[in-house]
Amino acid sequence: MKEIKTAVLAASVSVIVSSVIISAGLSGVARPDRTVSVRGLAEREVDADLAVWPLTFTLGSNSLQELQKSILEKTETVQQYLSEYGLSEQDYTVQAPSITDNSVNPYMDKERIRYTYLAKTVLLVRSPKISQVKKAHADSLKLMSHGIAVAQDYDSSISFEFTGLNSIKPEMIAEATKNARTAAEQFALDSGSKVGKIKRASQGLFSIENAAAGLAEKKNIRVVTTVEYLLK
């Protein structure tokens, strides 16, 4: 009888010790964080600060010497034209002409060749003087009176860029993060929680697009940040 009581007492002690160990083990298990992941958007419309225009024209001749003379004369005429619109040599570069010799082209009908040599000349206008470049581009047909046909194709079209992104990046990121927190606070309010610290955050790419079709000198800048907040 005494042995039975001893065995029962030992078993009870074992159960109590096991319960303490299990309880201690459970209290040491980390609870998963309650979080919410939201996105914040920031948009801004800015003026383009750089105009790029490959002012292109083609000249032809049957003599290389005459072609060279014509290139120099017409290039000088175009430079004078640009100066009338307030564009100096700091606003453009004269690129080396591209010469095509039709006499060595096996696919060219020699009987129909008008010019043996063709020269494609480009003055690359790259200037922050947006309005002056736009005006010069719009009036470029005036050069026809000087025997210069300015190309009007896609490769010679005027484009506008915005180069000051780094100066507004910090403000836009801060705005996007603020908008993300506003969204998180609304979610927390609906769920009876409070927004805590940022657990992790990632910044999306900045996109720069025309503000509207036909309005290339206005740019729309957009960035989205993804932020994960702890919930209390």
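Just so it is clear, the structure is predicted and the values come from calculations on it, not from any experiment. (Residues numbered from 1 in each chain as written. Predicted model: local features only at pLDDT ≥ 70, side-chain atom pairs only at ≥ 80, totals over all residues. Heavy atoms only, no water.)

**Considering the side chain of D91**
Topologically, D91 is positioned in the loop between α2 (64–83) and β3 (92–94). Excluding residues within four positions of it along the chain, D91 makes contact with G86, L124, V125, R126, S127, P128 and K129. (Helix = DSSP H or I, 4+ residues; strand = E, 2+ residues; numbered from the N terminus. Contact = heavy atoms within 4.5 Å.)

**Some remarks on the nonpolar core**
W53, L55, V78 and L82 are the most contacted members of the largest nonpolar core, which totals 25 residues. Within the residue set of this core, elements represented by two or more residues are β2 (50–61), α2, β5 (117–127) and α3 (130–138). Counting 10 residues, the second largest nonpolar core, distinct from the first, contains A42, F206, I221 and V223. (Core = buried A, V, L, I, M, F, W, Y, C linked by side-chain atoms within 4.5 Å. Buried < 20%, exposed > 50% of the residue type's maximum accessible area, 1.4 Å probe, protein only.)

**Looking at the pattern of salt bridges**
Inspection of the entire model under this criterion finds 10 salt bridges. Between E43 and R222 there is a salt bridge, with the nearest N and O atoms lying 3.7 Å from each other. A residue pair is termed long-range when its members are at least 10 positions apart, and E43 in strand β1 (residues 35–47) and R222 in strand β9 (residues 218–231) qualify at 179 residues. On the basis of relative accessibility, which here comes to 42%, the residue E43 falls in the partly exposed class. A cluster of three or more residues bridged by salt bridges with shared partners is formed by R44, E171 and E175. (Salt bridge = Lys/Arg side-chain N within 4 Å of Asp/Glu carboxyl O.)

Any functional reading would require information beyond the geometric quantities listed.
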